[in-house]
Each structure stands twice: as C-alpha cells, then as structure tokens.
Amino acid sequence: MSDAGAKPALQTTAGATTAPAEVSIFQIFLEFLIIGATSFGGVVPYLRGSLVTKRHWVDDKEFVEMLSISQSLPGLNATNMAVLVGEKLGGAMGAFAGVIGMCLPGAVLMFVVGIFYRIHGDHVWITAALKGVAAAAVGLILSTVVSLSKKSLSAKFDFVFIALTVVAVNRFHISVPKTLIAVGILAILFHHPRKEQKTVATP
Amino acid sequence: MNQIPALIRVFSYLSLLTVGGGMAAFPEMKILTVDVHQWLDFKQLIHLYSVGQMAPGPNMMMIVSIGQWAGGTLGALAVLIAFFGPTAILAFLVAKGWRKLEKWPWRTSIQQGLAPVSIGLLLAGCFSMAKGAITGVETAGIAVAVLLILLQYKINPALLVVAGAVIGLFTFMPK
C-alpha cells in the first residue's frame, strides 16, 4: 500500500476518451440487437454487461453518468442509452443504429403477440393467466419505485414531491405534463444549487 | 377509417411523458387510447402492458400491439416511430449539450429535482393500473409477493411475471 498516494494524481487524466479504435455502425447495430433480443426483465444489467464488461465501449463511470441522463430525460432507459452510447461511438448514424437494434426484436415479438391476443384473448385459460400476469406486473412496478427511491432520492423532503405528484395525477386527475412541470419546478427549486456544494478541490 | 394520424399524435405526445419510465405515461395512455379513441378497452390495455413486461428490450413495446390493432402493420410502424422518435432525437441533442453543462450548478438541481417527480409519476401510473389489475385478495397477494421477492432476492423480474401467469392459470380458471 506504499504507492497508494500516487493514485489520485492519475485520476485527473481519466477523460471521456475510452472508446476503442473504431467501432463500425453495423457492430453497434448488432450489439444492441443482441441486447434488444435477450434483455428479459429489464435492460440495464444487460446494457452494462455488454457495453462495459464485454465490449469496453464505455467505462463504468461513464455508464452511470449516461444512465442518470437517461433517467432525467423523457424516453425509456433502453432507447435513451442506445442513443447516448450509439452517438458516442458513431455519431448520428451510431445512435440510429443503436435504437433500431434495441427496438427491433421486442417490436416484432409484440406485433405477433398483439395479433395472437386479439384472436385468442377471450379464452378462459388466457384470461386467467393474464390476470396473474397483470397482478405480478403491479408488484414489479412497485419494486422499481422502491429501488429507484433508495437509489436516486437525495433528501427526506423528496417524499413530499412524490406524494404531491401521485395525488395530483390519481386524485385530482391533473394531466401528467402539467403535474410534471409544476411539481418538477418546485422540486428543482428546492434542490437549488447551494454555495457549499461548489467547493471543488482545486490542486 | 384512417387512424394513422391519431396514432402518431397520441403516441408522440405520450412519448414525451415517459420521464423516469414508461409507466409515467400510463394514466394519459389509458385516457387517450381507451376513453378517447377506443382502440382497446382498459382490461386489454392492462393485459398488453403486463405481457409486454415479459418481452425483451424497451418495456413499452406493447404500444406496437395497439398500433397494429388500430391501423394494421402501418399503424404498428407509425406508433413505433412516433413513440421512440421524439425522445431519441431529444436524447441525441442532449447527449452533446449535457456534457458541456457539467460545471453548471443547476444541472445537479435538475437531476435531484426530477428524481422524486419521476418516481411519483411511476407510482401514479402503477396505482391507475392497479385499479384494473388488483381485483381481489388473490391478485393483491400476487402483487405483494412479487414486490417482496424482488426486494429481497436478486431474481429476474420476467421470471416472476411468468410465475404470475402460472399462478393465475391455477387460481382464476373457472372450475
């Protein structure tokens, strides 16, 4: 542990340029196609496994950063990540290839499932199974709510904003965009930049 | 009747509401697709959404099924582009700008402020879906069991949704 002191100095050179030499647009498409076809039960772990661990297209820090941008923006994590990573690797074409690859397998699958459900959705055994599936999906969303709360809330008072949002949408039937803008502005103002946070250690 | 323009309008609007996750748009999706345009009924919307949780990729691909029902293959394609196009373009534009804003102090404020709101929208979507999906003790039991298992163990959620189907088959099958 004698050379531990040398480490902080090295960190300053860790820039955003972690991309390997050249990644073709087709490679981007193919990688996201694989993720899009195999990511059962949520894309984030699959994205990390593929982009960070297997391909080294982004490093872990950049991945977390991109994920937090994806979460703050409208749009699904899956496609936002495809755009951000695709853009980094191959510009506009890379982003396009990433999104198409990501969406294609699920879209084809749900296209077929939709037709099947339309024809056979009234069968008693399908209705029975779907009742269980829908209940399980509610539990799944609730678990997402809990784990997101643990991960991304930065103040106890944030629960007030959560409650405000739920009550506005569910109880008073205020539209989602109005709620989003009104409560969003309140919450952003609440989290306004404070002087103390600016203490960035300058060497 | 040609539903394509309505499909494009509705789904590009819904796309911009998916802050924090697809579920955030669910209350508006219910109003627009079920009540206003009557492309499907509430039960079908819940079924499609839930089945969509078992599919790989972005977890809102059930929109393709709605598009297909309302406007055939072209409808499915229109919905796909309308739902993923606007947010993809927005993410693309932000990808460049956001990095430059790293020093901007309000950047952190925006992220910290949007976090509780997006969680609230997710929860609101969940409640409005639960109104149709949780119909008795059995369904409530399944939902709570899935929640507790996911919080306790590292298990693939898609497997639990499949398990929900099996339990549903045995529990709700008319004898």
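These numbers come from a predicted model, not from an experiment. Residue positions are counted from 1 within each chain, in the order its sequence is given. Think of it this way: whatever chain is written first is A, whatever ligand is written first is 1, and the rest follow in order. Residues qualify for local features only when their pLDDT is at least 70, as the model is predicted, and side-chain atom pairs are given and counted only at 80 or more; totals for whole chains, interfaces and linings, by contrast, use all residues.

Secondary structure elements are taken from DSSP: a helix is a run of H or I of four residues or more, a strand is a run of E of two residues or more, and numbering for both begins at the N terminus. Looking only at helices and strands, chain B has seven helices and zero strands in total. Ordered by position from N to C terminus, the α and β elements of chain B give α-α-α-α-α-α-α. Counting only C-alpha atoms and orienting by the principal axes, one finds that chain B spans roughly 65 × 50 × 25 Å. Any residue surrounded by 20 or more other C-beta atoms within 10 Å of its C-beta is treated as buried, while 12 or fewer makes it exposed and the intermediate range makes it partly exposed; C-beta atoms here are placed from the backbone. Per-residue burial for chain B yields a buried fraction of 55% across its 175 residues.

Right, let's get into the overall build of chain A. Scanning chain A from terminus to terminus reveals eight helices and zero strands. Within chain A, buried positions represent 42% of all 203 residues. A fraction of 50% describes how many contacts in chain A between residues 6 or more apart in sequence connect residues 24 or more apart. Contact criterion: two residues are in contact if their C-beta atoms, reconstructed from the backbone, are within 7 Å.

This brings us to the domain arrangement of chain A. Accessible area lost when the parts come together is the quantity often used to give the size of an interface. For every domain, the bounds stem from an assignment made automatically or drawn from a database. What the domain assignment reports for chain A is domain 1 (18-120), domain 2 (122-151) and domain 3 (153-192). Between the C-alpha centres of domain 1 of chain A and domain 2 of chain A the distance comes to 24 Å.

All right, on to the interface of chain A and chain B then. Between chain A and chain B, the contact holds 86 residues from the first and 96 residues from the second. With 24 residues, the top contributor of residues to the side of chain A that touches chain B is helix H6 (residues 124-152) of chain A. Polar here means any residue outside two lists: the nonpolar Ala, Val, Leu, Ile, Met, Phe, Trp, Tyr, Cys and Pro, and the charged Asp, Glu, Lys and Arg; Gly therefore counts as polar. Grouping the constituent residues of the side of chain A that touches chain B by class yields 54 nonpolar, 27 polar and five charged.

Let's shift gears to unusual backbone geometry. You will see that His173(A), though not glycine, has its phi angle at about 50 degrees, which is positive. Phi is positive for Gln38(B), which is not a glycine, with a value near 50 degrees. Locating Gln38(B) in the fold gives a position in the loop between helix H2 (26-36) and helix H3 (42-52).

Each assigned domain of chain B is listed here: domain 1 (4-131) and domain 2 (134-175). Here domain 1 of chain B and domain 2 of chain B have C-alpha centroids that lie 24 Å from each other.

A word on the confidence of the model for chain B. Per residue, pLDDT captures the predictor's confidence, and it can take any value from 0 to 100. Scored by pLDDT, chain B has a mean of 91; 99% of the residues are at 70 or more. In the predicted complex, the global pTM is 0.83; the interface-specific ipTM is 0.88.

Its place among the elements puts Ala24(B) in the loop between helix H1 (4-15) and H2. Classification of Ala24(B) by C-beta neighbours within 10 Å gives buried; the count is 29. For the pair formed by Ala24(B) and Ser118(B), sequence separation is 94 residues and the distance between their alpha carbons is 7.1 Å. In contact with Ala24(B), not counting residues within four places along its chain, are Val176(A), Leu17(B), Thr18(B), Val19(B), Ser118(B), Leu121(B), Leu122(B) and Gly125(B).

Here the focus is the confidence of the model for chain A. All names here are of chain A. Averaged over every residue, the pLDDT of chain A is 84; the share at 70 or more is 85%. The secondary structure element of chain A with the lowest average pLDDT is helix H1 (residues 7-11), at 38, and the one with the highest is helix H2 (residues 25-38), at 95. Here residues 1-19 is a poorly scored stretch, pLDDT under 50, and it has seven contacts once near neighbours within four places are set aside; other chains count. Taken together, the stretch residues 197-203 has pLDDT below 50 and engages in one contact with residues farther than four places along the chain or on a different chain.

A word on helix H5 (residues 77-120) of chain A. Helix span is expected to be 1.5 Å times the residue number reduced by one. With 44 residues, H5(A) ought to run about 64 Å at 1.5 Å a step, yet its terminal C-alpha atoms sit only 32 Å apart, falling short of that. Counting buried positions along H5(A) gives 32 out of 44 residues, so the element sits mostly inside the fold.

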